[in-house]
Amino acid sequence: MATAFPPAPKVGMVSLGCPKALVDSERILTKLRSDGYQMSPDYAGADVVLVNTCGFLDSAKEESLEAIGEAIAENGRVIVTGCMGNEAELIRARFPSVLAVTGAHQYEQVVNAVHEASPPVPNAFVDLVPEGGLKLTPRHYSYLKISEGCNHRCSFCIIPSLRGDLVSRRIDAVLREAEKLVSAGTKELLVISQDTSAYGVDTRHEPRMWHGREVRAHMTDMARELGQLRTAEGRAPWVRLHYVYPYPHVDQVIPLMAEGLLTPYLDIPFQHAAPSVLKRMKRPANEAKVLDRIRTWRSIAPDIAIRSSFVVGFPGETEEDFQYLLNWLDEAQLDRVGAFRFEAVEGAAANALDNPVPEEVKEERYQRIMEKTAAISAAKLQAKVGRTLPVIIDEVGEPDEEDGGIGATARSQADAPEIDGNVFLRDVGDDAKPGDIIDVLIEDADDHDLFGAPVAG
Ligand code: SF4
């Protein structure tokens, strides 16, 4: 028996103007072809018609308008692109029924407009990538990369020399990817970059249209939009922000956590607390009032979990600096902390700094910071015992040989995958599956993990 595939949607193309416009048309059609569309040689067979316009001379404009009019009369479902797309208002005034108008070289928009007007038919036998793209993570959580590179020059880091300065992705491209991921089954989005709070600085936060409204390439706008996505079950996905530097505008995302649009979690790599060390590290957003701000954040979003990482034994770190860091941690009460012993990375400016810290001192400081942060973590987790918390299931075990009970490994909103702790569940029921978000009663805690059971109902 042969497998019957649903018919692929067909696209018609009217290409006007110069050779550059022709090349654009070819590029658009190539992309659409690789997305599974068929081409239609006539108006009648097309599900949607693209008119690639020319707007160089008045006569060319008139020809373009005539071509749009003909496509509307013959087919009715028309998308306009090319140079005249820059005069969208004029086109819309004359042809209010056009489905979309995009400008010259806006390949991604025009292809998306076609996807919207006539969605591609997924075909597991011929598509190279599954719906939602190729992923290295389990289906229920996905990393969403919003930019590449970094404008800072931290003295221990070689990322800017390897990856270059900050280059932010367009906000509509980021949101479209997130939307696709969520409709393909992602329940948790992990926003990543080298410096998430700097998102859009390089493009002056260039706004783009997204579902009929203007959205800036800015962390706050992005977070608000991501919080409005809905999974197939109609829930907001969990959205975590990673690698956030504490610039002042970070304060603006905290209310989104209180509103439930953003997971109450911030990953801020502070790296140190002592002002002299931070200065030698050349850290961005290095400011003294961060403890006050953490207090304010917690007063707005009491459940906010703050994760951070710290480097001990940075060149020139004195015992006093290190003690400053330990005292700071007592005040900050961070939920999750990773600590690293300073290592010279080839090419990093910090390698040339005076007063390297001897290995045994680094090791001793590392042990002290681990002890300190484990104690803070244990106390914070203990305070959750008796509470009911939502968790996301990562893995479901096999039924127990003796009592048939099924356990599962899950995470609370305070736990990012791979780097934070877990919530180990008992008796989850045989219908539990990875990606389920359920309420659980927390019954016990240790230094890094919680233990609990689903709340009935
Ligand atoms: S450590 Fe500093 S320089 Fe390196 S990526 Fe982060 S902010 Fe940029």
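Residues numbered from 1 in each chain as written. Predicted model: local features only at pLDDT ≥ 70, side-chain atom pairs only at ≥ 80, totals over all residues.

In the annotation of an unreviewed UniProt entry, the entry for the protein chain reads Ribosomal protein uS12 methylthiotransferase RimO, and the organism field reads Sphingobium phenoxybenzoativorans. Quoted verbatim from the Function (unreviewed entry) field of UniProt, the annotation for the protein chain is "Catalyzes the methylthiolation of an aspartic acid residue of ribosomal protein uS12." As recorded by UniProt, the Catalytic activity (unreviewed entry) comment attached to the protein chain reads in full: "L-aspartate(89)-[ribosomal protein uS12]-hydrogen + (sulfur carrier)-SH + AH2 + 2 S-adenosyl-L-methionine = 3-methylsulfanyl-L-aspartate(89)-[ribosomal protein uS12]-hydrogen + (sulfur carrier)-H + 5'-deoxyadenosine + L-methionine + A + S-adenosyl-L-homocysteine + 2 H(+)". (UniProt positions renumbered as here; feature names shortened; annotations may be inferred.)

1. Quick notes on the domain arrangement of the protein chain
When cut into domains, the protein chain gives domain 1 (10–117), domain 2 (141–382) and domain 3 (388–454). With centres defined by C-alpha atoms, the gap from domain 1 to domain 2 works out at 43 Å. (Domains from an automatic or database assignment.)

2. Thoughts on the sheet that holds strand β2 (residues 38–39)
Working definition: the strands of a sheet are paired by backbone hydrogen bonds and lie parallel or antiparallel to each other. With parallel pairing, five strands are arranged side by side in an open sheet as β2-β1-β3-β4-β5. Strands with a single pairing partner mark the edges of an open sheet, and in this sheet they are β2 and β5 (100–101). Of the strand pairs in this sheet, strand β4 (residues 78–82) and β5 are connected by two bridges, and their pairing is parallel. Of the residues in β5, the one forming a bridge with V80 is V101. Where helix α2 (residues 58–74) meets the sheet, its contacts fall on β1 (10–15), β3 (48–53) and β4, and the angle it forms with β3 comes to roughly 175 degrees. (Pairing = 2+ DSSP bridges. Helix = DSSP H or I, 4+ residues; strand = E, 2+ residues; numbered from the N terminus. Contact = placed C-beta atoms within 7 Å. Axes fitted to C-alpha atoms, helices over the stretch in contact; angles between N-to-C directions.)

3. With respect to helix α12 (residues 359–382)
Helix length check: α12, at 24 residues, gives a terminal C-alpha distance of 34 Å against a target of 34 Å (1.5 Å per residue), a fit within 8%. Considered for burial, the residues of α12 that qualify are K362, R365, I369, T373, S377 and L381. Against the buried residues of α12 lie β14 (305–312), α11 (319–332), β15 (336–341), β19 (437–445) and β20 (450–454). (Expected span 1.5 Å × (residues − 1). Buried ≥ 20, exposed ≤ 12 C-beta atoms within 10 Å, placed from the backbone.)

4. Here we look at the UniProt feature "binding site: [4Fe-4S] cluster 2" (unreviewed entry) in the protein chain
The residues that UniProt annotates with the feature "binding site: [4Fe-4S] cluster 2" (unreviewed entry) are C150, C154 and C157. Beyond its immediate chain neighbours, meaning those up to four positions away, C154 contacts M281, K282 and R283. Relative to the helices and strands, C157 resides in the loop between β7 (147–148) and α5 (159–163).

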